[in-house]
Protein chains: 2
Amino acid sequence: MKKSLKAGIVQHFYADDVEVNRQRNLAAIRSLAGDGADIVVLSELHDSLYFCQEENVDNFALARELPGDFTDFYGEAARDSEVVIVASTFERRAPGLYHNTAVVFEKDGSVAGMYRKMHIPDDPGFYEKFYFTPGDLGFTPIETSVGKIGVLVCWDQWFPEAARLMTLRGADFLVYPTAIGWNPEDTDDEKNRQRDAWITIQRSHAVANGLPVVSVNRVGFEEDPSKQTAGIEFWGSSFVAGPQGEVLAMCPSDKAAEKIVEIDLERSENVRCWWPFLRDRRIDDYHGLTRRFLD
Amino acid sequence: MKKSLKAGIVQHFYADDVEVNRQRNLAAIRSLAGDGADIVVLSELHDSLYFCQEENVDNFALARELPGDFTDFYGEAARDSEVVIVASTFERRAPGLYHNTAVVFEKDGSVAGMYRKMHIPDDPGFYEKFYFTPGDLGFTPIETSVGKIGVLVCWDQWFPEAARLMTLRGADFLVYPTAIGWNPEDTDDEKNRQRDAWITIQRSHAVANGLPVVSVNRVGFEEDPSKQTAGIEFWGSSFVAGPQGEVLAMCPSDKAAEKIVEIDLERSENVRCWWPFLRDRRIDDYHGLTRRFLD
């Protein structure tokens, strides 16, 4: 594992055109790798608009078989720029069986591993349970040349259990590709509370587990094709936190951004020695965590 | 359960005199109850200095049998002011067997329940493993006339598992009596990171579980009697967060404070309907949480 990691963040707007999105992502990957990034993290479902604003069977056409043109394209991007890439796609596993899947590419273009989103949201404007079967690959970090990466996706970020399990399986850092935004009709207070809660919960995973967290969101407004809602203002704010939860860098909430953030991976061990939470977990009394509710 | 709760916070300096501390606590309880508090929360081990700065057998003399003069005093305070009290003591359970124990008193002065601190810290200046056996009452909320209270103590605050288990057992809100502070020799940057991590992790429990959190710390400098360290500057900053993690009120980091914070307990259910995290927990894949490490 490297002692210091240059993480490249791609916070983009996306268009209703897979080829256009891919070419923009490719340009960002090349640019960040050219500036020294060891790893480039894209946001969730970065090849398309966030199609889950409506339940529409036509959108299954956006899904991709793995391996296939998705892995060909981003594998080539990784090999070409000699950079590790965390990418995200709508995976077609079998007819009628789809996942929200992150794919990690090694610098030689090979697939280092996959993670299928385990926690699937479903609320107005985010109809993911219609599209995605919950993942069945578990909470397993992906081994790469830049460290063991605990890749989790969007809704997973609200579940401390997911971050903890990645940590217990030896993750060096966590990565959250995400697609989250505001209902434009909400008040500014409500918007601020939501964005702040999203930052807080992910910083808390860094604190609880003594490791860095990289969270990458898309940005900008996307219409609801069904016109039932006012659409989504994706709030950007992609950020990196160190192992005390300290924010090392944050992108704007309303602009595209490509940023390299240097992460000191040795600091995690120092922080864990001072705050040895893993030493003191009461595993003898945690069995209730595998229950739905304890009534 | 009440729909709205007035929580009284007692953030005090403490002296090397149990009787003096008790009288000051009593005055604060009376004052807050007089101002309408439904519940008064004291900080951790509020009858003494934070004696765990050194390992000294003489300090076992500070421990109290339960029931005994501790429950007599604070039970009388609760009955006299008709207020629920969350108090904290060094419990002498048997010769050579001690706990760090929170006791919740009902408005009639009876003991509503006890919680023995489950996660025990031990680091320079906080030698708690010398004094306290880890609790054996589990993560069980305490039923009172103002709601089911998930009482946890200080070091517990760093463990998302504890907050989750209290939630799964039906806690309406969490309460953290605490005693945490800075090494005066640390840099301001380090101090800020520590305090911010402490606030962040507790706010995250509110977010992850959709319930309010009340955290009450002591304040002020206390010497290290062994002179091995520079002592502890307890950082106050007692606060209340709502169920989105929003900070409803915060006390200063360097001054005593008595404060009433109004908490809307109905808001928790609304927030949980919008952010239904309990719906989506992947309990089929959380079994690893009961393991020390997954290597």
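Not measured: the values here are computed from a predicted model.

Before going further, it helps to examine the overall build of chain A. Secondary structure summary: chain A contains 7 helices and 15 strands in total. Rg of the C-alpha trace for chain A: 18 Å, near the compact-globule value of 19 Å for 295 residues, within the 12% margin. Dimensions of chain A, computed from the C-alpha atoms along their principal axes, are close to 50 × 50 × 40 Å. For chain A, with 295 residues in total, the buried portion stands at 62%. Expressed as a percentage of contacts within chain A between residues at least 6 apart in sequence, the contacts between residues at least 24 apart total 69%. A total accessible area of about 10,500 Å² is found for chain A, and carbon and sulfur atoms account for 47% of it. The distance from the centre of the 32 positive side-chain charges to the centre of the 48 negative ones in chain A is 5 Å.

All names here are of chain A. The linkage connecting Leu66 with the following residue, Pro67, adopts the cis geometry, with an omega of -5°. Among the structural elements, Pro67 can be located in the loop between strand S2 (39-41) and helix H2 (69-81). Phi is positive for Lys227, close to 65°, though the residue is something other than glycine. Relative to the assigned elements, Lys227 resides in the loop between strand S11 (219-222) and strand S12 (232-235). Although it is not a glycine, Ser237 adopts a positive phi angle of roughly 60°. Considering the arrangement of structural elements, one finds Ser237 in the loop between S12 and strand S13 (239-241).

Below, the discussion takes up the nonpolar core. A general feature of soluble globular proteins is that nonpolar side chains tend to end up buried together. One finds Ile39 and Trp158 of chain A together with Ile39 and Trp158 of chain B to be the most contacted residues of the largest nonpolar core, which totals 122 residues. What Trp158 of chain A contacts, discounting residues up to four positions off in sequence, is Ile180, Ala197, Trp198 and Ile201 of chain A together with Arg164, Val207, Ala208, Trp275 and Phe277 of chain B. Judged by nonpolar contacts, the second largest core, of 21 residues, contains Val10, Phe70, Ala87 and Phe105 of chain B.

Our focus in this paragraph is the sheet that holds strand S5 (residues 111-116) of chain A. All names here are of chain A. The 6 strands lie next to each other as S5-S4-S3-S2-S1-S15, forming an open sheet whose pairing is mixed. Edge positions in the sheet fall to S5 and strand S15 (257-264), since each of these pairs with one other strand and no more. Here the strands of the sheet are splayed against their neighbours by 30° on average, with no regard to which way each runs. Here strand S4 (residues 97-105) pairs with S5 via 5 bridges, running antiparallel.

What follows deals with the confidence of the model for chain A. In this model, chain A carries an average pLDDT of 97, and 99% of its residues clear a pLDDT of 70 or more. For this predicted complex, the interface confidence reaches an ipTM of 0.97, while the overall pTM sits at 0.98.

This part covers the sheet that holds strand S6 (residues 142-144) of chain A. All names here are of chain A. Pairing is mixed across the open sheet formed by 6 strands, whose spatial order is S6-S7-S8-S10-S13-S14. Edge positions in the open sheet fall to S6 and strand S14 (247-250), since each of these has one partner strand only. Neighbouring strand axes in the sheet, compared pairwise and without regard to direction, differ in orientation by 20° on average. The pairing of S6 with strand S7 (residues 147-151) spans 3 bridges and is antiparallel. Bridge pairing in S7 places Thr144 opposite Gly147. Of the strands in this sheet, strand S8 (173-178), strand S10 (213-217), S13 and S14 touch helix H5 (residues 188-209), which is tilted by about 35° from S13.

Moving on, we come to the interface of chain B and chain A. The interface of chain B with chain A comprises 56 residues on the first partner and 56 residues on the second. A combined buried area of about 5,500 Å² lies between chain B and chain A, and 60% of that area is made up of carbon and sulfur atoms. Three residues, Arg282, Leu289 and Arg292 of chain B, lead the burial of chain B against chain A; their summed loss comes to 12% of the area buried on that side. Among the salt bridges present, the one from Lys129 of chain A reaches Asp280 of chain B, with a minimum N-O distance of 2.7 Å. At the boundary of chain B and chain A, one finds 31 residue pairs in polar contact (both at pLDDT 80 or more). Going through the elements one at a time, helix H4 (160-168), helix H5 (188-209), helix H6 (266-274) and helix H7 (277-280) of chain B are the ones with two or more residues in the side of chain B that touches chain A. If you tally residues by element for the side of chain B that touches chain A, the top one is H5 of chain B, at 11 residues. Classifying every residue of the side of chain B that touches chain A by side-chain character gives 25 nonpolar, 12 polar and 19 charged.

A separate point is the side chain of Arg116 of chain B. Residues and elements named next belong to chain B. Residue placement: Arg116 occurs in strand S5 (residues 111-116). There is a polar contact of 2.8 Å between the side chain of Arg116 and the side chain of Glu91. A distance of 3.1 Å separates a polar atom in the side chain of Arg116 from a polar atom in the side chain of Asp136. In this structure Arg116 touches Glu91, Arg93, His99, Asn100, Thr101, Gly135, Asp136 and Leu137, once residues within four positions along its chain are discounted.

Criteria and cut-off values
- In this numbering scheme, every chain counts its residues from 1 along its sequence in written order.
- Throughout, the order in which chains and ligands are written sets their labels, letters from A for the former and numbers from 1 for the latter.
- Per-residue local features are limited, in this predicted model, to residues with pLDDT of at least 70; the limit for side-chain atom pairs, both in listing and counting, is 80 or more; totals at the level of whole chains, interfaces and linings are taken over all residues.
- Excluded from the side-chain calculations are hydrogens and water; all other atoms, namely the structure's heavy atoms, are used.
- Only DSSP runs of H or I covering at least 4 residues are called helices, and only runs of E covering at least 2 are called strands; the numbering of each starts at the N terminus.
- As defined in this context, the radius of gyration uses C-alpha atoms, and a globule is described by 2.2 Å times the residue total to the power 0.38.
- Classification of residues uses two cut-offs on accessible area relative to the type maximum, computed with a 1.4 Å probe and protein chains only: under 20% is buried, over 50% is exposed, and between them is partly exposed.
- Here a residue-residue contact requires only that any non-hydrogen atoms of the pair lie within 4.5 Å.
- Every accessible area reported is derived by Shrake-Rupley at a probe size of 1.4 Å, with residue values counting cover from the shown protein chains alone.
- Note on charges: Lys and Arg go in the positive column, Asp and Glu in the negative column, and His and the chain ends are not counted at all.
- Every charge is mapped to an atom, namely NZ of Lys, CZ of Arg, CG of Asp or CD of Glu.
- Among buried residues, those of type Ala, Val, Leu, Ile, Met, Phe, Trp, Tyr and Cys that are joined through side-chain atoms within 4.5 Å constitute a nonpolar core.
- Two strands pair under a simple rule: DSSP has to find at least two bridges between them.
- To obtain an axis, a line is fitted to C-alpha atoms, over the contacting stretch when the element is a helix, and the angle between two such axes runs from 0 to 180 degrees between their N-to-C directions.
- Confidence scores here are pLDDT values: one per residue, from the predictor, ranging 0 to 100.
- Defined here as a combined quantity, buried area equals the accessible surface (1.4 Å probe) lost by two parts on assembly, summed across both.
- The working definition used for a salt bridge is a side-chain nitrogen of Lys or Arg within 4 Å of a carboxyl oxygen of Asp or Glu.
- Contacts described as polar in this section are N or O atom pairs within 3.5 Å, which, within protein, must combine one atom able to donate a hydrogen with one able to accept it, while residues neighboring in sequence count only if both atoms come from side chains.
- Each residue is assigned to one of three groups, with Ala, Val, Leu, Ile, Met, Phe, Trp, Tyr, Cys and Pro labelled nonpolar, Asp, Glu, Lys and Arg labelled charged, and all others, Gly among them, labelled polar.

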